[in-house]
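Chain by chain, the residues run as shown.
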Amino acid sequence: MSKIVVIGANHAGTACVNTILANYGADNEVVVFDQNSNISFLGCGIALWIGQQIAGSEGLFYSDKEQLEAAGATVHMRTVVESIDYGAKEVHVLQDGVRRTESYDRLILATGSSPIVPPIAGAELVEGTREFKASLDNVQYIKLYQNATEVIDKLQDDSIRRVAVVGAGYIGVELAEAFQRLGREVTLVDIAREPLEGYYDPEFGDMMSRTLADHGIRLALGRNVMAVEGRGRVERLVTDLDSFDVDMVVVAVGFRPNTELGAGVLELFDNGAFLVDRNQRTSQPDVYAIGDCATVHDNAAGAPNYIALATNAVRSGVVAAHNACGTGIESAGVQGSNGVRVYDLNMVSTGLTTAKAREFGYDPVATEFTDNQRPEFMLTDNHPVTIKIIFDRTSRVILGCQIASKEDVSMMIHTFSLAIQEKVTIDKLALLDIFFLPHFNKPYNYVTMAALSAPA
Ligand SMILES: Cc1cc2nc3c(=O)[nH]c(=O)nc-3n(C[C@H](O)[C@H](O)[C@H](O)COP(=O)(O)OP(=O)(O)OC[C@H]3O[C@@H](n4cnc5c(N)ncnc54)[C@H](O)[C@@H]3O)c2cc1C
Ligand SMILES: NC(=O)C1=CN([C@@H]2O[C@H](COP(=O)(O)OP(=O)(O)OC[C@H]3O[C@@H](n4cnc5c(N)ncnc54)[C@H](O)[C@@H]3O)[C@@H](O)[C@H]2O)C=CC1
């Protein structure tokens, strides 16, 4: 019997524990530590919950301590792993005020990520809390169930009228919509010139800007946040260009990996994530890292990268579970596929934007096409779709794809995810067998047309 210790039992940890117990439970003892009081909270539901588009938070959990224990694990909640002795193969934990040691044969680090805290007064975290509480009241971070609950409770107070959201990334645009749905005056601030700049080219970011502005959200882009000010609670957000009177500020400027437990021992990526191979192995024997605390292999970049997504967390958990139990399987790598819906605008992307393709040393060329989803004789619910495919000038291999529409175009992006993974060229895509039925699409559909019209 070997002992596998898992630190962190959210999406990555839970996937890993369940995979170990379902496949190798008879040969392995699994001990799990998590500092939180809940696990498996789907952060993707926070904006829907705040914006009252769902009934409540009940459906946003899919596992708990009892379920993991029923499957065979020993689970310690509200237990912080304070340090690890990699030589002695021991983790040191603090549970109910008592310090103790647990040994392991194999260790899985699934410690996830924390919100990035910008270096501005008032936004710094209160020392000693693990729930991302800012020192100035009504400056909020969004990550945990507890953070969402706090914001929802505060919004019961009607005097909180003006909300600024800092960061027009995925969390920021979704929350801007949620606060506006609640009748709040919303200002969305970003250092970049377009929302979602990390995931989309500027013309797609512009579609998002117009959708937000059409719903009354004030966009304050291309600004650096300098300060949050107030007496006791936040009253003003100051940028390098202007300032806004506010009653609440939500800061969502990205995630950073939680890797303090590897300090000085484990090899790290540029942003401090645990650098792992395609078996999720770290630089220490018998130590694996999964989810938001670790790198992924980025197929589009052809290199390790940091892409914090629940989808990657779950898959890396499955890969680590098999490898830690002796079945060698490799991650297929990822393309960073993602999607967002704000009001009636759906946007999906995978792989590299034009700017990122350049950063990774490619010579990117793009082909774009806009057309109705269905033939014009289909008179109802027939909306334009815009697609942009980015490929490398020399090899013609597809590097990225972005699609936007009022139509649900979400499933189409998976074709491009696979194309990037398998290094398909734009010319091969042009002749791909794509079915036609008026209810769904056109014979000369936007994928075929974009590929056929790709520059030589
Ligand atoms: C608002 C919001 C919306 C999102 N929407 C999406 C979406 O639509 N799609 C998508 O793919 N992703 C989305 N994400 C990202 C997704 O939630 C993360 O990628 C995912 O949570 C990563 O899972 P994880 O298990 O690796 O890490 P985490 O969720 O960060 O979990 C890490 C766990 O480790 C525990 N832990 C950390 N350190 C210690 C320690 N020292 N001792 C004990 N326990 C420890 C923590 O308590 C936590 O339970 C969203 C995130 C947020 C905040
Ligand atoms: N639909 C989805 O797939 C969702 C995914 N997520 C994931 O959760 C993670 C965290 O999300 P976000 O916090 O939204 O990060 P993000 O990386 O998506 O966006 C961060 C934004 O903050 C901006 N920014 C950075 N520093 C700034 C500063 N000092 N002042 C103003 N703006 C600044 C950036 O330009 C960027 O637009 C991401 O990995 C994201 O992919 C989150 C929500 C939904």
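Remember, it's a predicted structure, so these values are computed and weren't measured experimentally. (Residues numbered from 1 in each chain as written. Chains lettered and ligands numbered in written order. Predicted model: local features only at pLDDT ≥ 70, side-chain atom pairs only at ≥ 80, totals over all residues. Heavy atoms only, no water.)

1. Focus: the site of ligand 2
As a structural note, the neighbourhood of ligand 2 is formed by 17 residues, with I171, D190, Y199, A308 and G339 the closest of them. Within the backbone of I171, a nitrogen or oxygen atom sits 2.9 Å from an oxygen atom of ligand 2. Take D190: an N or O atom from its side chain is 2.7 Å from an oxygen atom of ligand 2. Calculation on ligand 2 without its partners gives an accessible area of 850 Å², and the protein chains cover 78% of this total. A per-element tally of the shell around ligand 2 places helix α5 (residues 170–181) first, with 3 residues. Its residues assigned to classes, the shell around ligand 2 shows 11 nonpolar, 4 polar and 2 charged. (Near = heavy atom within 4 Å. Polar contact = N/O pair within 3.5 Å; in protein donor to acceptor, adjacent residues only side chain to side chain. Areas by Shrake-Rupley, 256 points an atom, 1.4 Å probe, with all protein chains shown as cover. Helix = DSSP H or I, 4+ residues; strand = E, 2+ residues; numbered from the N terminus. Nonpolar A, V, L, I, M, F, W, Y, C, P; charged D, E, K, R; others polar.)

2. Considering the site of ligand 1
Near ligand 1 there are 31 residues, and of these N10, A12, D34, K143 and D292 occur at the shortest range. Here an oxygen atom of ligand 1 sits 2.9 Å away from a polar atom, N or O, in the main chain of A12. Protein contacts shield 87% of the accessible area of ligand 1, which totals 1000 Å² for the unbound molecule. Elements that contribute at least two residues to the shell around ligand 1 include exactly α1 (11–24), β4 (79–85) and α7 (310–324). Residue classes in the shell around ligand 1 are distributed as 16 nonpolar, 12 polar and 3 charged. There are two domains that each give the shell around ligand 1 at least three residues, and those are domain 1 (2–114 + 256–324) and domain 2 (117–253). (Domains from an automatic or database assignment.)

3. Topic: the sheet that holds strand β15 (residues 243–245)
Ordered in space as β13-β14-β15, the 3 strands form an open sheet in which the pairing is antiparallel. Every interior strand has two partners, whereas the edge strands, β13 (225–229) and β15, have only one. Strand-to-strand twist of the sheet, defined as the mean angle between neighbouring strand axes without regard to direction, takes the value 15 degrees. (Pairing = 2+ DSSP bridges. Axes fitted to C-alpha atoms, helices over the stretch in contact; angles between N-to-C directions.)

4. Considering the environment of Y104
Inspection of the secondary structure assignment puts Y104 in the loop between β6 (98–103) and β7 (106–109). Separated by 99 residues in the primary sequence, Y104 and V5 have C-alpha atoms spaced 5.9 Å apart. Apart from residues no more than four positions distant in its own chain, Y104 is found in contact with K3, V5, I84, D85, Y86, K89, E90, V91 and V287. (Contact = heavy atoms within 4.5 Å.)

5. Some thoughts on the sheet that holds strand β3 (residues 74–76)
Strand order in the open sheet formed by 5 strands is β3-β2-β1-β7-β18, and the pairing between neighbours is parallel. Both edges of this open sheet fall to β3 and β18 (287–289), since each of them pairs with a single strand only. When strand polarity is set aside, the average angle formed by the axes of neighbouring strands in this sheet is 15 degrees. Where α1 meets the sheet, it contacts β1 (2–7), β2 (28–33) and β7, and its direction lies at approximately 165 degrees from that of β2.

6. Digging into the domain arrangement of the protein chain
Assigned domains of the protein chain: these are domain 1 (2–114 + 256–324), domain 2 (117–253) and domain 3 (344–452). Taken over C-alpha atoms, the centre of domain 2 sits 32 Å from the centre of domain 3. Here domain 2 and domain 3 share an interface that buries about 1100 Å² over both sides, 58% of which is from carbon and sulfur atoms. Looking at the side of domain 2 facing domain 3, the largest losses of area belong to Y200, D201 and F204, adding up to 50% of the total buried there. Along the contact surface separating domain 2 from domain 3 lie 9 residue pairs in polar contact (both at pLDDT 80 or more). A breakdown of the residues in the side of domain 2 that touches domain 3 according to their chemical character gives 6 nonpolar, 2 polar and 3 charged. (Buried area = accessible area lost by both parts, 1.4 Å probe.)

7. Considering the UniProt feature "domain: FAD/NAD(P)-binding" (unreviewed entry) in the protein chain
Mapped onto this numbering, the UniProt entry annotates "domain: FAD/NAD(P)-binding" (unreviewed entry) at residues 3–317. Helix makes up 22% of residues 3–317 and strand 27%, whereas the separation of the span's terminal C-alpha atoms amounts to 17 Å. (UniProt positions renumbered as here; feature names shortened; annotations may be inferred.)

8. A word on the pairing of β7
Side chains R106 and I108 project from β7 onto one buried face, and the interleaved L107 and L109 project onto a second face that is buried too. Alignment of β1 against β7, held across 4 bridges, turns out to be parallel. Counted as the bridge partner of V6 is I108 from β7. Of the pairings in the sheet, the one linking β7 to β18 comprises 3 bridges and is parallel in character. Note on β18: the bridge partner recorded for I108 is Y288. (Buried < 20%, exposed > 50% of the residue type's maximum accessible area, 1.4 Å probe, protein only.)

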